[in-house]
Amino acid sequence: MAPLPADRQRWLALGLLLAALAAGYLLLVHPWWTVPLLEANRRIADLRERDLRIRTQLEQAPEVARQWQAAVAQQAQRPGFLPEATVELATAGLVQRLEAVVREASPGNRSCAISNQSPLNIPGKEQFARVAVQVRIRCGVPETAAVLYALETGRPRLFIENLNILSQRYAYMAQETGAGGLDVSFDLYGYLQPAPVQEGAAPMPAQQAMASGGDDAR
């Protein structure tokens, strides 16, 4: 077999050297140096992005606090929750509100009176605690409309459900003989104010991100 020319031998040796260098890089340098460096760069970029997000949240904190205080003040002017702290007190407040509305619709209970009012036990499956009273009143038509309207449009916000209205053919009071009346039953309910979150119970999103970022850095 004739020997290869010198130039071809040099090119072949150079090719073998390059192949050996590439194999050495793929087997030794890339997995042990390049991959860890790329991973470190990716983590640094993630930490910088997280740091920027945290700084943005901290810069927006005063504005968010101002908007939150404004929302609280606005909500205080239009209370939706019952002011009482417990179910028992809220139930008593509902009864007092009902009695006041009936007295306003019919002073002296001449044409409207409460015939029954009893607390309802509501299972605690809702997001906010509901306080309800089962009510039965006997009123004239205008008084019934006034009572229902006053209950649903007053403050705090109250709701009516399971409304049943039956017509009475007899007079409501003796002095009103010949006048028709209504036998009305319904459930009157409202919602308790949610309990305030205790300090330290749950960290703020920015605090969570900072803690997570510190763990990643370590």
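Residues numbered from 1 in each chain as written. Predicted model: local features only at pLDDT ≥ 70, side-chain atom pairs only at ≥ 80, totals over all residues. Heavy atoms only, no water.

As recorded in an unreviewed UniProt entry, the protein goes by General secretion pathway protein M and comes from Pseudoxanthomonas wuyuanensis.

**Q** Please set out the sheet that holds strand β1 (residues 112–120) residue by residue, giving values where relevant.
**A** Whether parallel or antiparallel, the strands of a sheet pair through hydrogen bonds between backbone atoms. Here four strands make up an open sheet; going across it, the order is β1-β2-β4-β3 and the pairing antiparallel. Each of the sheet's edge strands pairs with one partner strand only, and the pair in question is β1 and β3 (159–168). Here the strands of the sheet are splayed against their neighbours by 15° on average, with no regard to which way each runs. In terms of strand pairing, β1 meets strand β2 (residues 130–139) through eight bridges, oriented antiparallel. For Gln-117, the partnering residue across the bridge sits in β2 and is Val-135. Here helix α3 (residues 141–153) sits on the sheet in contact with β1, β2, β3 and β4 (181–191), set at roughly 5° to β4. (Pairing = 2+ DSSP bridges. Helix = DSSP H or I, 4+ residues; strand = E, 2+ residues; numbered from the N terminus. Axes fitted to C-alpha atoms, helices over the stretch in contact; angles between N-to-C directions. Contact = heavy atoms within 4.5 Å.)

**Q** Could you give me a rundown of the pairing of β4, with the residues and numbers involved?
**A** In terms of burial, β4 is largely enclosed, as ten of its eleven residues are buried. As judged from the ten bridges shared by β2 and β4, these two strands associate in the antiparallel manner. Bridge assignment links Val-135 to a residue of β4, and that residue is Phe-186. Here β3 runs beside β4; their pairing, made up of eight bridges, is antiparallel. (Buried < 20%, exposed > 50% of the residue type's maximum accessible area, 1.4 Å probe, protein only.)

**Q** Account for the side chain of Thr-91, naming residues and giving values.
**A** Looking at the secondary structure, you find Thr-91 in helix α2 (residues 87–105). One polar contact links the side chain of Thr-91 to the main-chain carbonyl oxygen of Val-87, over a distance of 2.8 Å. Sequence-distant contacts of Thr-91, defined by excluding residues within four places in its chain, comprise Pro-119, Val-131 and Val-133. (Polar contact = N/O pair within 3.5 Å; in protein donor to acceptor, adjacent residues only side chain to side chain.)

**Q** So what's going on with the packing of aromatic side chains? Which residues, and what values?
**A** Given two aromatic rings, their pairing is described by the distance between the two centres and the angle made by the two planes. One pass over the structure, following the stated rule, counts three aromatic pairs. For the pair Phe-159 and Tyr-189, a centre-to-centre distance of 5.4 Å together with 20° between the ring planes defines the contact as stacked. You can see Phe-159 sitting in strand β3 and its partner Tyr-189 sitting in strand β4, a full 30 residues away along the chain. By relative accessible area, Phe-159 is classed as partly exposed at 25%. (Phe/Tyr/Trp six-rings, centres within 6.5 Å; stacked < 30°, edge-to-face > 60°.)

**Q** Explain the confidence of the model for the protein to me, using residue names and the numbers behind them.
**A** Per-residue confidence for the protein averages 77 on the pLDDT scale, and 76% of its residues sit at or above 70. Within the protein, no element has a lower average pLDDT than helix α4 (residues 205–217), which sits at 42, and none a higher one than β2, at 93. In the model, residues 171–180 has pLDDT below 50 throughout and makes 17 contacts with residues more than four positions away in sequence or in other chains. (pLDDT = per-residue confidence, 0-100.)

**Q** I'd like a description of α2, backed by residues and values.
**A** A rise of 1.5 Å per residue sets the reference length of α2, with its 19 residues, at 27 Å; its end C-alpha atoms lie 27 Å apart and thus fit the reference within 8%. Among all positions of α2, only Ala-90, Thr-91, Gly-93, Leu-94, Val-95, Leu-98, Val-101 and Val-102 are buried. (Expected span 1.5 Å × (residues − 1).)

**Q** Give a detailed account of the nonpolar core, specifying residues and quantitative values.
**A** One finds Leu-151, Phe-186 and Leu-188 to be the most contacted residues of the largest nonpolar core, which totals 24 residues. Ranked by residue count, the leading element in this core is α2, at six residues. In contact with Phe-186, other than residues within four places in its own chain, are Leu-98, Val-133, Gln-134, Val-135, Ile-137, Leu-148, Leu-151, Ile-160, Glu-161, Asn-162 and Leu-163. (Core = buried A, V, L, I, M, F, W, Y, C linked by side-chain atoms within 4.5 Å.)

**Q** Explain the environment of Phe-81 to me, and be specific about the residues and the numbers.
**A** Turning to its location among the elements, Phe-81 is positioned in the loop between α1 (6–77) and α2. Phe-81 gets classed as partly exposed once you look at its relative accessible area, which sits at 21%. Considering only alpha carbons, one finds Phe-81 and Pro-194, 113 residues apart in sequence, at a separation of 8.5 Å. Not counting residues up to four positions away in its chain, the partners in contact with Phe-81 are Phe-128, Pro-156, Tyr-191, Leu-192, Gln-193 and Pro-194.

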